[in-house]
Amino acid sequence: MILAPTAIDGVTVVDVEAFTDARGLFARTFCAEEFAAAGLEVAVAQCSVAYNRLAGTVRGLHWAGEPVRETKLVRCTRGALLDVVVDPRPDSPTYLRHVSVELTADNHRALFIAAGLAHGYQTLVDDTEATYQMNVPFTPGHDRGLRFDDPRLGIAWPLPVSEISDKDRGWPLLPAVPSEQTATAR
């Protein structure tokens, strides 16, 4: 495996090193020792799958609030998606910045997302499936979210949104950044 950190601390791209022969391909997609050596949370307490019927479907942007500390390893097992991670941590140097990574069934790439980071994706083709490995089970009442179309985030989703849940559409917009003049007048 090749573990490549991104511009946001806590987001790591996981690429496989494939061994191919006449039968096809074999590759490790997870190794507790390699993840731990890279400082990544290695516990797996729950695995989930998300099937998306239509291209353009958006899921997210979600994270689990304190004290849950949920980490995720997300992989596309069918189709293709654009995975987006936003840093909602106000004390972070990358506050409200995002990284985008294309995950496809063909590239076998995964994305590790540390606790406290908002995660979502948009499907690029019909019949797309994603799998998640989480270090803790889902804990109702601790879910947090950002609006996928919040202008402060500046996410350029590649397709028009075809499907999104009411919950994801309903997250509030972030407050507008006060202009320098307004901030000075206070």
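The rules behind each value
- As a convention, each chain's residues are numbered from 1 in the sequence order in which they are written.
- Only residues with pLDDT of at least 70 get local features here, since the model is predicted, and only at 80 or more are side-chain atom pairs given and counted; chain-wide, interface and lining totals rely on the full set of residues.
- For the side-chain quantities, the full set of heavy atoms in the structure was used; hydrogens and water were omitted.
- At least two DSSP bridges between two strands are required for those strands to pair.
- Think of it this way: any DSSP run of H or I at least four residues long counts as a helix, any run of E at least two long counts as a strand, and we number them from the N terminus.
- For helices, the axis comes from a line fit to the C-alpha atoms of the stretch in contact; other axes are also lines fit to C-alpha atoms, and the angle between any two N-to-C directions lies between 0 and 180 degrees.
- The cut-offs for exposure are 20% and 50% of the maximum accessible area for each residue type, with area from a 1.4 Å probe on protein chains only; residues under the lower value are buried, those over the upper are exposed, and the others partly exposed.
- Between rings of Phe, Tyr and Trp, where Trp is taken as its six-membered ring, a pair exists when centres lie within 6.5 Å; planes separated by under 30 degrees are stacked, by over 60 edge-to-face, and by other angles tilted.
- Values of pLDDT, which run from 0 to 100, indicate the predictor's confidence residue by residue.
- Contact between two residues is taken to exist if any of their heavy atoms lie within 4.5 Å; hydrogens are not considered.
- Salt bridge, as used here: a side-chain nitrogen of Lys or Arg that lies within 4 Å of a carboxyl oxygen of Asp or Glu.
- Any pair of nitrogen or oxygen atoms within 3.5 Å is treated as a polar contact; in protein, a donor-acceptor pairing is required on top of that, and neighbouring residues in sequence qualify only through side-chain atoms on both sides.

### Describing the sheet that holds strand E9 (residues 98-104)
- In space, the five strands of this open sheet follow the order E9-E8-E11-E6-E13, with antiparallel pairing throughout. Both outer strands of the open sheet, E9 and strand E13 (143-145), are each paired with one neighbouring strand and no more. On average, adjacent strands in this sheet sit at an angle of 30 degrees to one another, irrespective of strand direction.
- With six bridges joining them, strand E8 (residues 80-86) and strand E11 (residues 118-123) adopt antiparallel strand pairing. For Asp 83, the partnering residue across the bridge sits in E11 and is Tyr 121.

### A word on the pairing of strand E12 (residues 128-134)
- Taking every second residue as pointing to the same face, the buried face of E12 carries Thr 128, Ala 130, Tyr 132 and Met 134, while none of Glu 129, Thr 131 and Gln 133 on the other face is buried.
- Summarising the sheet, strand E5 (residues 46-52) and E12 pair through seven bridges and their orientation is antiparallel. When the sheet's bridge partners are listed, Tyr 51 is paired in E12 with Glu 129.
- Both strand E7 (residues 72-78) and E12 contribute to a ladder of six bridges, which runs antiparallel. For Arg 78, the partnering residue across the bridge sits in E12 and is Glu 129.

### Here we look at the sheet that holds strand E1 (residues 2-5)
- Pairing is antiparallel across the open sheet formed by six strands, whose spatial order is E1-E2-E10-E7-E12-E5. Because the sheet does not close on itself, it has two edges, and the strands there are E1 and E5. Averaged over all adjacent pairs, the angle separating strand axes in this sheet is 25 degrees, with direction ignored.
- Sheet analysis places strand E2 (residues 11-15) next to strand E10 (residues 110-113), joined by four bridges and oriented antiparallel. Its bridge partner being in E10, Thr 12 is matched across the sheet by Phe 112.

### Here we look at the packing of aromatic side chains
- Evaluated as defined, the whole model comprises two aromatic pairs.
- Taking 4.9 Å as the distance between ring centres and 50 degrees as the angle between the ring planes, the aromatic pair formed by Phe 30 and Phe 35 counts as tilted.
- On the basis of relative accessibility, which here comes to 28%, the residue Phe 30 falls in the partly exposed class.
- With a relative accessible area of 1%, Phe 35 lands in the buried category.
- On the numbers, 6.3 Å between centres and 75 degrees between planes, the contact of Phe 35 with Phe 112 is edge-to-face. With Phe 35 in helix H1 (residues 32-37) and Phe 112 in strand E10, this residue pair connects regions lying 77 residues apart in the sequence.

### Side note on the confidence of the model for the protein chain
- In this model, the protein chain carries an average pLDDT of 93, and 95% of its residues clear a pLDDT of 70 or more.
- Under a pLDDT of 50 for its full length, residues 180-186 has, in the predicted model, one contact with residues more than four places off or in other chains.

### Here's the deal with the pattern of salt bridges
- Under the criterion given, the structure shown has eight salt bridges.
- Across the pair Lys 167 and Asp 143 runs a salt bridge whose closest N-O atoms are separated by 2.1 Å. With Lys 167 in helix H2 (residues 166-170) and Asp 143 in strand E13, this pair connects stretches of sequence that are 24 residues apart.
- In this structure Lys 167 comes out as partly exposed when scored by relative accessible area, which is 47%.
- With a relative accessible area of 23%, Asp 143 lands in the partly exposed category.

### What about the side chain of Thr 104?
- Along the chain, Thr 104 falls in strand E9.
- Exposure remark for Thr 104: the relative accessible area of 11% places this residue in the buried category.
- Of the polar contacts made by the side chain of Thr 104, one reaches the backbone nitrogen of Asn 107; its length is 2.7 Å.
- With residues up to four places along the chain from it excluded, the contact list for Thr 104 reads Cys 76, Gly 79, Ala 80 and Arg 109.

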